[in-house]
Amino acid sequence: MAQIHIKKTSLSWIFLSVVIMALLVFLFLSQPEKSQSQNTVVAFENDIQIITVSAKGGYYPSVITAKANKKTVLRMLTKGTFDCSAAFTIPAIGYREFLPNTGTTDISIPPQEAGNTINATCSMGMYSLKINFQ
Ligand SMILES: [Cu+2]
């Protein structure tokens, strides 16, 4: 009886460790999308700074460093975005639009002085996006 009991206990420990490991692997794998490298996010096309951000359950990445004094386009990517991150507002430039559920939306941002931050949020202010100009 005692031995069977011990076996059951160690089996449940193995099961628990497998579950924990699976969770860790899942967390590790889901990280890269949310922390894209700066290089892929800010690019230049014909001297126009293009900042690419994905909107779905938040904005990714949500904090971006961009170059000051450059014509800038904020390129919002949506793909099956049915949550409120599609209701996009940038108070500083008076922007307030619904992004398409799936598509690409280019928003022009005038050149910003170094030290300026452009804040964008969903209409309820639940999700935010910060672009720091340097
Ligand atoms: Cu919201």
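These remarks concern the structure in this document.

Calculation notes
Residues numbered from 1 in each chain as written. Predicted model: local features only at pLDDT ≥ 70, side-chain atom pairs only at ≥ 80, totals over all residues. Heavy atoms only, no water. Core = buried A, V, L, I, M, F, W, Y, C linked by side-chain atoms within 4.5 Å. Buried < 20%, exposed > 50% of the residue type's maximum accessible area, 1.4 Å probe, protein only. Helix = DSSP H or I, 4+ residues; strand = E, 2+ residues; numbered from the N terminus. Contact = heavy atoms within 4.5 Å. Pairing = 2+ DSSP bridges. Salt bridge = Lys/Arg side-chain N within 4 Å of Asp/Glu carboxyl O. Donors = N, O, S within 2.8 Å, 3.2 Å for Na, K, Ca; no water. Polar contact = N/O pair within 3.5 Å; in protein donor to acceptor, adjacent residues only side chain to side chain.

Details of the nonpolar core
Next, step 1: In this structure, Ile51, Leu74, Met76, Phe88 and Ile131 are the most contacted members of the largest nonpolar core, which totals 24 residues.
Next, step 2: Broken down by secondary-structure element, the contributors of at least two residues to this core are strand E2 (48-55), strand E4 (63-66), strand E5 (72-78), strand E6 (87-90), strand E8 (103-109), strand E9 (117-122) and strand E10 (128-133).
Next, step 3: Among all residues touching Met76, those that are not within four sequence positions of it are Val53, Ala55, Tyr59, Phe88, Leu99, Gly103, Thr104, Thr105 and Ile107.

Some thoughts on the pairing of E10
Next, step 1: Side chains of E10 alternate between two faces, with Leu129, Ile131 and Phe133 buried and Ser128, Lys130 and Asn132 left unburied.
Next, step 2: For E4 and E10, the ladder comprises four bridges, and the chain directions are parallel. Pairing of Thr65 across the sheet is with Asn132, part of E10.
Next, step 3: Two elements, E9 and E10, share five bridges in a ladder whose sense is antiparallel. Each residue of the ladder has a partner; that of Thr121, found in E10, is Ser128.
Next, step 4: Here E9 folds back onto E10, and the loop between the two strands holds five residues, one of which, Gly125, carries a positive phi near 75°.

Description of the pairing of E6
Next, step 1: Side-chain alternation along E6 places Ala87 and Thr89 on one buried face and Phe88 and Ile90 on a second face that is also buried.
Next, step 2: As paired strands, E6 and strand E7 (residues 95-98) are joined by four bridges and run antiparallel to one another. Across the sheet, the residue bridging to Phe88 is Glu97, located in E7.
Next, step 3: In sequence, E6 turns back onto E7 through a hairpin of four residues, with Gly94 there showing a positive phi of about 65°.
Next, step 4: Across two bridges, the pairing between E6 and E9 is antiparallel.

A short note on the pattern of salt bridges
Next, step 1: Going through the model one piece at a time under the given rule, you end up with three salt bridges.
Next, step 2: Residue Glu45 pairs with Arg75 through a salt bridge whose shortest N-O separation is 3.8 Å. A residue pair is termed long-range when its members are at least 10 positions apart, and Glu45 in strand E1 (residues 42-45) and Arg75 in strand E5 qualify at 30 residues.
Next, step 3: Among the salt bridges present, the one from Asp106 reaches Arg75, with a minimum N-O distance of 2.8 Å. Residue Asp106 is located in strand E8, and its partner Arg75 is located in strand E5; the two are separated by 31 residues in the primary sequence.
Next, step 4: Note on Asp106: relative accessible area 45%, which makes it partly exposed.
Next, step 5: Put simply, Glu45, Arg75 and Asp106 are held in one network by salt bridges that share partners.

Observations regarding the coordination of the copper ion
Next, step 1: Coordination of the copper ion by the protein is provided by Cys84 (SG) and Cys122 (SG), with metal-donor distances spanning 2.1 to 2.2 Å. Of this pair, Cys84 sits in the loop between E5 and E6 while Cys122 is found in strand E9, placing the two residues 38 residues apart along the sequence.

What to know about the environment of Gln49
Next, step 1: Of note, Gln49 is situated in strand E2.
Next, step 2: It is 9.9 Å that separates the C-alpha atoms of Gln49 and Ser108, two residues lying 59 residues apart in sequence.
Next, step 3: In contact with Gln49, not counting residues within four places along its chain, are Val42, Ala43, Phe44, Ala66, Lys67, Lys70, Lys71, Thr72, Val73 and Phe133.
Next, step 4: Side-chain polar atoms of Gln49 contact the side chain of Thr72, separated by 2.9 Å.

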